[in-house]
Amino acid sequence: MSKEHVAVLLAAFAAILGGTAFVASRYAVAESEPMTVAFLRALGAGMGLAIIAWGVPGRRAGWIARGDILPVFLLGALMFACFGWLFATGTRYIPAARAALILSLMPVLALALAAAMGQEKLSFNKVAACVLAALGVAVALGDRAGGGPEAWKGDLVMLIAAVVGATHTVLSARYVRRYKPMSLTALQCLAGCTVLGAALVVRGDFSGFGHFTASGWFAMFWLTFPAGLVGYYLWFFALTRISASTVTLFVTLNPIAAAACGALVLGEVVDWRLGAGFACIAAAIALASRRKPNAG
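Note that this is a predicted model, so its numbers are computed, not measured. The numbers attached to residues start from 1 for each chain and follow its sequence in the written order. With pLDDT at 70 or above as the cut-off, local features in this predicted model cover only qualifying residues; side-chain atom pairs require 80 or more to be listed or tallied, and sums for whole chains, interfaces and linings still use all residues. The basis for every side-chain value is the complete set of non-hydrogen atoms in the structure, without hydrogens or water.

S.K.: Honestly, the overall build of the protein in this entry has me stumped. Any pointers?
M.R.: By the criteria applied, helices consist of DSSP H or I runs no shorter than four residues and strands consist of E runs no shorter than two, each listed in order from the N terminus. Of the regular secondary structure elements, the protein holds 13 helices and zero strands. Tracing the protein from N to C terminus, the helices and strands come up as α-α-α-α-α-α-α-α-α-α-α-α-α. Taken across its 296 residues, the protein has 53% of its residues classed as buried. The contacts of the protein with a sequence gap of at least 6 include a subset with a gap of at least 24, amounting to 89%. For the protein, the accessible area works out to roughly 13,400 Å², and carbon and sulfur atoms hold 69% of it. Exposure classes here rest on a 1.4 Å probe applied to the protein chains alone. A residue is buried below 20% of its type maximum, exposed above 50%, and partly exposed in between. When checking whether two residues touch, look at their non-hydrogen atoms; a contact exists if any pair is within 4.5 Å. Using a 1.4 Å probe, the Shrake-Rupley method yields the accessible areas, and only the shown protein chains count as cover for residues.

Right, dumping it as structure tokens:
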């Protein structure tokens with residue numbers, strides 16, 4: 001198995017973990033509020049990655065060059081503060097599957113941005129893969145992707161989050177190829193944590209920390225470690241092996257994982273649409289990852 005194929009599998013697994021995060025976020029936000037949830041997630045994941053990157057004896061994760069610290073910090077603030085808060089806020093208003101469905105627009109947005117910046121050339125395979133992936137999402141969720149009377153708020157917030165996430169993915173491409181994923185992700189998580197912590201101090205309201213039940217703390221644990229630390233690292237690692245738009249395409253697995261997790265945790269009905277959606281998304285991933293045969 002080639003390194004690119006491994007990266008494809010890791011990106012898919014990271015996206016599945018991300019899908020479970022939508023359900024966990026709804027649990028956590030219901031017992032707290034979005035900024036507190038985003039802060040705790042960035043803090044825990046950032047500290048865990050920092051310990052692994054720089055605190056384990058014999059491990060050399062590398063340091064960020066002085067000239068790159070500011071742009072890397074700003075990109076971390078964009079992703080782990082801005083996107084993190086938007087993500088938590090969106091799950092407050094709409095079901096996990098609907099939130100994940102909107103966030104699956106990231107591949108199309110990343111393709112457009114990367115092409116506009118001259119980083120990548122649009123190809124028939126990549127455009128067709130995005131269309132096929134979107135079709136898979138629509139088929140899998142069917143009419144179960146609906147929301148309540150305040151759904152428009154969550155829809156708008158998640159749409160902004162999709163733009164932010166796609167922008168971060170494309171702009172981070174040069175740094176993920178220059179530095180090891182562990183150190184880069186750790187610094188960016190801590191950057192987001194710093195910005196969110198400062199925002200909490202300025203706001204002066206820390207009541208969100210005191211309302212978690214045991215299930216709420218477990219939801220925070222899941223957000224921070226399996227769907228945070230592990231997911232972030234695998235996502236950045238995949239970016240070192242395959243293109244930004246291809247990695248972002250795997251976001252389309254989020255709503256499928258969110259729907260499946262919702263069925264297991266919340267007792268939602270799972271029907272044939274889930275299997276059909278998986279088939280479409282698997283085909284889209286294969287299409288986007290396909291290379292042109294070498295001449296001769």
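We are not done yet, so read on.
S.K.: Even after reading the chapter, I still don't get the layout of surface pockets, so can you show me in this structure?
M.R.: Over the atoms, a rolled probe matching the size of one water molecule traces out where space is still vacant. Of the two site types, the cavity is a set of points on a 1 Å grid over the protein atoms alone where a 1.4 Å probe fits but cannot get out, and the pocket is an open set with protein on both sides within 12 Å along at least five of seven lines, each lined by residues with an atom within 4 Å of a point. Grid points are joined across faces, edges and corners, and a volume is the space filled by probe spheres set on the points. Its volume calculated, the second largest pocket comes out at about 190 Å³. Along the walls of the second largest pocket sit Thr20, Val23, Ala24, Tyr27, Ser215, Phe218, Ala219, Trp222, Cys261 and Val265, which together make up its complete lining. The set of elements that each furnish at least two residues to the lining of the second largest pocket consists of helix H1 (3-31), helix H10 (214-239) and helix H12 (253-266). Here the residues of the lining of the second largest pocket are counted per class, giving eight nonpolar, two polar and no charged. Any residue outside Ala, Val, Leu, Ile, Met, Phe, Trp, Tyr, Cys, Pro, Asp, Glu, Lys and Arg is labelled polar, Gly included; the first ten of those are nonpolar and the last four are charged.

S.K.: Explanation requested: the pattern of salt bridges in the structure shown.
M.R.: Oppositely charged side chains can form a pair if their charged atoms are brought close together. Whenever Lys or Arg places a side-chain nitrogen within 4 Å of a carboxyl oxygen from Asp or Glu, that contact is recorded as a salt bridge. In total, this model carries four salt bridges according to the counting rule given. We note a salt bridge from Arg203 to Glu33, for which the minimum N-O separation is 3.1 Å. Note that Arg203 is positioned in helix H9 (residues 181-203) and Glu33 in the loop between H1 and helix H2 (34-55), a separation of 170 residues in sequence. The salt bridge partner of Glu150 is Lys153, with a shortest N-O separation of 2.9 Å.

S.K.: Could you clarify how one ought to interpret the packing of aromatic side chains in this entry?
M.R.: Aromatic ring pairs are defined here through the distance separating the ring centres and the angle between the ring planes. A pair of Phe, Tyr and Trp rings is counted when the ring centres sit within 6.5 Å of each other, with Trp represented by its six-membered ring. The angle between the planes then sorts it: under 30 degrees is stacked, over 60 is edge-to-face, the rest tilted. Within the structure shown, the criterion is met by seven aromatic pairs. With a centroid separation of 6.1 Å and 80° between ring planes, the pair formed by Phe39 and Phe209 is classed as edge-to-face. Within this pair, whereas Phe39 is found in helix H2, its partner Phe209 is found in the loop between H9 and H10, the two being separated by 170 residues in sequence. When its relative accessible area of 14% is taken as the criterion, Phe39 is described as buried. Relative accessible area serves as the criterion here: at 27%, Phe209 is assigned to the partly exposed category. Clustering of aromatic rings is evident, with ring pairs tying together Phe22, Phe83 and Phe87. Here, over-ring charges are defined by two tests on the NZ atom of lysine or the CZ atom of arginine: distance to the ring centre within 6 Å, and angle to the ring normal within 35 degrees. The residue whose ring lies beneath Arg41 is Phe87, and the NZ or CZ to ring-centre distance is 5.6 Å.

S.K.: Would you mind going over the nonpolar core with me for this structure?
M.R.: As a rule of thumb, nonpolar side chains are buried together in soluble globular proteins. Counting 79 residues, the largest nonpolar core has Phe22, Val37, Leu103, Met158, Trp235 and Phe250 as its most contacted members. A total of twelve residues in this core trace back to one element, the largest contributor, which is H1. In contact with Met158, other than residues within four places in its own chain, are Phe22, Leu86, Phe87, Gly90, Thr91, Ile94, Ala99, Ile102 and Leu103. In this text, buried Ala, Val, Leu, Ile, Met, Phe, Trp, Tyr and Cys residues form a nonpolar core when linked through side-chain atoms within 4.5 Å. Formed by seven residues, the second largest nonpolar core is a distinct cluster that contains Leu111, Cys130, Ala133 and Ala288.

S.K.: Would you explain the environment of Cys130 in this entry?
M.R.: Counting through the fold element by element, Cys130 comes out in helix H6 (residues 124-141). Taking the C-alpha atoms as reference points, Cys130 and Thr246, 116 residues apart in sequence, are found 9.6 Å from one another. Leaving out residues up to four positions away in the same chain, Cys130 has contacts with Pro107, Val108, Leu111 and Leu249.

S.K.: Looking at this model, I keep getting lost on the packing of H2 against H9. Mind explaining?
M.R.: What describes two packed helices is the angle between their axes and the distance between those same axes. Axis separation between H2 and H9 bottoms out at 7 Å; the angle between their running directions is 145°. Of the two elements, H2 crosses H9, and the hand of that crossing is left-handed. Of the residues contributing to the contact of H2 with H9, the split by class is 21 nonpolar, six polar and one charged. Axis geometry follows a simple rule: fit a line to the C-alpha atoms, using only the stretch in contact for helices, then measure angles between N-to-C directions, giving values from 0 to 180 degrees. In this scheme the crossing of two helices becomes right-handed for a clockwise turn of the near helix relative to the far one and left-handed for an anticlockwise turn of less than a right angle.

S.K.: What should I look at first to understand the side chain of Thr91 in this one?
M.R.: Structurally, Thr91 is set in helix H3 (residues 66-93). With residues up to four places along the chain from it excluded, the contact list for Thr91 reads Phe22, Ser25, Arg26, Val29, Ala99 and Met158.

S.K.: Would you mind going over H9 with me for this structure?
M.R.: Owing to its 3.6 residues per turn, the α-helix aligns residues three or four sequence positions apart on the same side. With 23 residues, H9 extends 33 Å between its outermost C-alpha atoms, agreeing within 8% with the 33 Å of an ideal straight helix rising 1.5 Å per residue. Phi turns positive one or two residues past the end of H9, at Gly204, with a value near 75°. Every helix has an expected span of 1.5 Å times one less than the residues it contains.

S.K.: What should I look at first to understand the packing of H2 against H3 in this one?
M.R.: At a minimum axis distance of 8 Å, the contact between H2 and H3 shows a crossing angle of 130°. On the basis of the axis angle, H2 is oblique to H3. When you trace H2 past H3, the crossing you get is right-handed. Residue-level inspection shows Pro34, Met35, Val37, Ala38, Arg41 and Ala42 of H2 in contact with H3, the latter providing Phe80, Gly84, Trp85, Phe87, Ala88, Thr89 and Arg92. Taken together, the residues of the contact of H2 with H3 sort by class into nine nonpolar, two polar and two charged. Any angle that falls under 35 degrees is termed roughly parallel, while one over 145 is termed roughly antiparallel, one within 65 to 115 roughly perpendicular, and all others oblique.

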